[in-house]
Amino acid sequence: MSRQSLENDGRLALLYEVSLAFAARTELAELIPLVITKSREVLDAAGSSVMLLDENRNELYFPFVADSDPETASRLSGHRMPASQGLGGDVIRTGEPLRVSDASSDPRFDDAADRATGFKTGPMILAPLRSRQGIAGVLSAVRAMGAPDFSDDDLKMLVAMASGVSVTIENARLYEALRDREEGLRAEVGALRRDAARRDGFDEIVGSAPAMREVFSLMESAAGSPIAVLVEGETGTGKELVARGIHKASARASGAFVAVNCAALPESLLESELFGHRKGAFTGATQDRKGLFEAAAGGTIFLDEIGEMPLSMQPKLLRVLQENEIVPVGDTRPRPVDVRVISATNRDLEAEVESDRMRADLYYRLAGFPIQLPNLEERREDIPHFVAHFLDSAAAGHGRRIDGIEAEALQLFVDAQWPGNVRQLQNEVERSVALAREGDVIGLRHLSRRLTGAGAGAESSPSVRATDGPGHDLREARALFEARHIRSVLDALGGNVSRAAEALGLSRSMLQKKMKEYSLR
Ligand SMILES: Nc1ncnc2c1ncn2[C@@H]1O[C@H](COP(=O)(O)OP(=O)(O)OP(=O)(O)O)[C@@H](O)[C@H]1O
Ligand SMILES: [Mg+2]
């Protein structure tokens with residue numbers, strides 16, 4: 001094989017290699033150095049560079065340089081020169097490739113670059129980089145003074161490389177513009193989604209106190225990420241409401257929100273409730289059943305009262321969080337599940353970890369993003385908002401028009417202690433609406449003794465209370481007493497309906513019916 005055809009083979013191979021690289025890469029910063037390094041080798045040049053036109057300053061600069069001498073390359077990289085001068089300037093102006101055998105003696109030659117690098121340019125070839133907007137720059141290769149000339153084939157080769165580089169530069173610029181646009185759009189969508197979330201998901205959450213604004217902003221962040229959220233707060237502070245709000249504002253909003261009260265399920269049932277079971281796994285398992293994790297697939301599972309999770313269950317839960325898979329009771333094969341986990345507790349979980357009631361590894365998995373809800377005490381300024389909000393909802397629930405609340409009564413709400421937090425306040429408002437009649441303004445007579453501080457006996461017997469409250473109607477008096485009694489039992493038992501039903505000697509469903517009737521929750 002002749003030397004010429006060997007050389008051609010080498011060049012074809014190079015063109016092939018470079019065109020693959022063009023196809024694969026959109027990052028200018030990766031591609032151009034590859035191209036000029038290769039062309040320098042193939043053209044047997046001392047240096048090869050890309051000059052780009054900075055239209056604002058009408059200057060040529062060297063974003064990419066390959067040189068046998070790294071020192072020269074680095075000097076040239078910082079170099080800029082007027083685009084109207086030099087051989088590069090000529091190519092920019094004419095849009096034609098150029099071959100000179102002794103650049104230094106060419107009248108068009110600008111020796112500023114040589115002076116900057118100390119190199120003495122001899123033979124030089126240049127090819128324009130064309131973009132849709134015009135000539136974007138120049139690809140060039142140089143040999144030292146006294147070295148043999150570049151051939152016509154060398155120039156053709158350079159022109160071919162230049163057209164590839166041009167396309168890449170053009171693509172990279174389009175790509176960058178697209179990416180900028182996309183980032184802009186993404187930010188816009190994020191903001192709009194958060195706005196919508198605030199309107200839809202967070203809207204039912206009352207609160208403008210600083211402590212709550214902080215909570216809203218944490219909720220927004222949590223909604224935008226799949227991270228495991230732990231909502232901490234005393235009873236009645238709105239933990240479940242916050243969990244639902246995050247779900248509704250998240251990308252999983254169209255999926256299910258499945259709430260599991262870890263304290264309400266006996267230990268023996270919890271595992272099969274959460275993970276499901278296979279037929280025959282235990283007595284009574286007459287068929288395969290899916291668990292709550294699978295029911296929440298694509299959505300969110302809310303593990304309420306996570307502090308009550310028995311130690312025996314904790315490794316199994318940890319496994320789900322780590323591996324994203326569950327093993328149904330009576331099965332050995334894990335199944336993948338895609339759920340977002342939000343948990344809530346009114347206990348101090350760190351203390352639970354200290355005292356070995358909760359595994360530390362589980363705690364860290366659950367508490368990826370903790371949100372601490374303030375007590376009602378810490379957001380007293382929101383109390384009038386809460387009262388107005390619950391008056392509206394209770395009135396709507398009873399289908400009864402309520403004409404607001406007397407200032408004196410509202411003041412009692414603001415001043416009271418609320419150990420049961422928002423839930424307790426809500427119960428009080430709902431109770432007052434249950435006792436009010438169509439068109440009433442809520443006043444002291446609708447409030448519980450706990451708020452009015454009325455002396456013992458004033459409310460303790462329905463007959464006495466009946467004279468200063470709801471009138472002489474026996475049914476109303478009985479309802480008043482019943483509502484108050486149920487509420488105090490519920491309060492005492494932390495709102496646990498099953499336990500309250502037991503304490504009251506009622507079935508759970510009967511209690512729920514009465515709670516509905518009196519708007520107690
Ligand atoms: N910021 C709020 N705006 C409107 N309603 C609220 C707010 N916070 C709580 N509530 C209402 O108070 C009641 C209790 O809220 P929630 O059930 O979310 O509390 P919790 O923290 O889960 O309590 P617990 O620990 O006792 O389960 C619910 O009826 C809820 O709608
Ligand atoms: Mg709750």
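Please read these numbers as outputs of a predicted model, since none were measured by experiment.

K.L.:
Explain the overall build of the protein chain here, please?
P.N.:
From N to C terminus, the protein chain includes 21 helices and 13 strands. Taking 521 residues into account, the globule formula puts the C-alpha radius of gyration at 24 Å, and the protein chain, at 38 Å, lies well above it. With the principal axes as the frame, the protein chain shows a C-alpha extent of 120 × 60 × 40 Å. When burial is assessed residue by residue, the protein chain has 45% of its 521 residues classed as buried. The long-range share in the protein chain, meaning contacts at least 24 apart out of those at least 6 apart in sequence, stands at 65%. Carbon and sulfur atoms provide 50% of the accessible area of the protein chain, an area that totals close to 26,000 Å². Taking the average place of the 64 positive charges on the side chains of the protein chain and the average place of its 78 negative ones, the gap between the two points comes to 6 Å.

K.L.:
What is the right way to look at the pattern of salt bridges in this model?
P.N.:
Should the charged atoms of two oppositely charged side chains come close, the side chains can pair. Per the counting criterion, the structure on display carries 32 salt bridges. Notably, a salt bridge pairs Asp90 with Arg108, separated by 3.0 Å at the nearest N-O pair. One end of the pair, Asp90, is in helix 4 (residues 86-94); the other, Arg108, is in the loop between strand 4 (98-100) and helix 5 (112-117), with 18 residues separating them in the sequence. Given a relative accessible area of 11%, Asp90 falls into the buried group.

K.L.:
How should I be thinking about the sheet that holds strand 9 (residues 300-304) in this particular structure?
P.N.:
Two strands in a sheet stick together by hydrogen bonds in their backbones, pointing the same way (parallel) or opposite ways (antiparallel). Strand order in the open sheet made by the five strands is 8-9-12-7-13, with parallel pairing throughout. Of all the strands in the sheet, just strand 8 (257-261) and strand 13 (369-372) have a single pairing partner and so form its edges. On average, each strand axis in the sheet is inclined to that of its neighbour by 20°, with strand direction left out of account. Note: strand 7 (residues 229-232) against strand 12 (residues 340-345), four bridges, orientation parallel. Looking at strand 12, one finds that Leu230 is bridged to Ser343.

K.L.:
Quick question: what am I supposed to make of the site of ligand 1 here?
P.N.:
Around ligand 1 there are 18 residues in total, and Val206, Thr235, Lys239, Arg423 and Gln426 lie nearest to it. One of the backbone N or O atoms of Gly236 is found 2.8 Å from an oxygen atom in ligand 1. Between Gly238 and ligand 1, the recorded distance is 3.1 Å, taken from a backbone N or O atom to an oxygen atom. Protein burial of ligand 1: of its 630 Å² of free accessible surface, 90% is covered by the chains. Composition of the shell around ligand 1 by domain shows at least three residues from each of domain 2 (210-372) and domain 3 (376-517).

K.L.:
I'm lost on the side chain of Asn375 in this one. Help?
P.N.:
Tracing the backbone shows Asn375 in the loop between strand 13 and helix 14 (383-398). Assessed through its relative accessible area of 18%, Asn375 is described here as buried. Polar side-chain contacts of Asn375 include one of 3.3 Å to the side chain of Glu234. With residues near it in sequence (within four places) discarded, Asn375 still touches Glu234, Thr237 and Asn421.

K.L.:
Just to check I follow, could you spell out the packing of helix 14 against helix 16 (residues 421-435) for this structure?
P.N.:
When two helices pack together, their arrangement is given by the angle between their axes and by how far apart the axes lie. Running from N to C, helix 14 and helix 16 point in directions that differ by 45°, and their axes come no closer than 9 Å. Our classification of the angle between helix 14 and helix 16 gives oblique. For the crossing formed where helix 14 meets helix 16, the hand is right-handed. Where helix 14 abuts helix 16, its residues Ile383, Phe386, Val387, Phe390, Leu391, Ala394, Ala395 and His398 lie against Val422, Leu425, Gln426, Val429, Glu430, Val433 and Ala434. By residue class, the composition of the contact of helix 14 with helix 16 is 12 nonpolar, two polar and one charged.

K.L.:
What is the right way to read unusual backbone geometry from this model?
P.N.:
Despite not being glycine, Asn421 shows a phi value in the positive range, around 55°. Relative to the helices and strands, Asn421 is located in helix 16. Of note, the phi angle at Ser519 is positive, near 55°, even though the residue is not glycine. You can see Ser519 is positioned in the segment after helix 21 (508-517).

Rules of the game
- Residues numbered from 1 in each chain as written.
- Chains lettered and ligands numbered in written order.
- Predicted model: local features only at pLDDT ≥ 70, side-chain atom pairs only at ≥ 80, totals over all residues.
- Heavy atoms only, no water.
- Helix = DSSP H or I, 4+ residues; strand = E, 2+ residues; numbered from the N terminus.
- Rg over C-alpha atoms; globule rule 2.2 N^0.38 Å.
- Buried < 20%, exposed > 50% of the residue type's maximum accessible area, 1.4 Å probe, protein only.
- Contact = heavy atoms within 4.5 Å.
- Areas by Shrake-Rupley, 256 points an atom, 1.4 Å probe, with all protein chains shown as cover.
- Lys, Arg positive; Asp, Glu negative; His and termini not counted.
- Charge placed at Lys NZ, Arg CZ, Asp CG, Glu CD.
- Salt bridge = Lys/Arg side-chain N within 4 Å of Asp/Glu carboxyl O.
- Pairing = 2+ DSSP bridges.
- Axes fitted to C-alpha atoms, helices over the stretch in contact; angles between N-to-C directions.
- Near = heavy atom within 4 Å.
- Polar contact = N/O pair within 3.5 Å; in protein donor to acceptor, adjacent residues only side chain to side chain.
- Domains from an automatic or database assignment.
- Parallel < 35°, antiparallel > 145°, perpendicular 65-115°, else oblique.
- Left-handed = near helix turned anticlockwise from the far one by under 90°.
- Nonpolar A, V, L, I, M, F, W, Y, C, P; charged D, E, K, R; others polar.

All we've got here are geometric facts, nothing functional implied.
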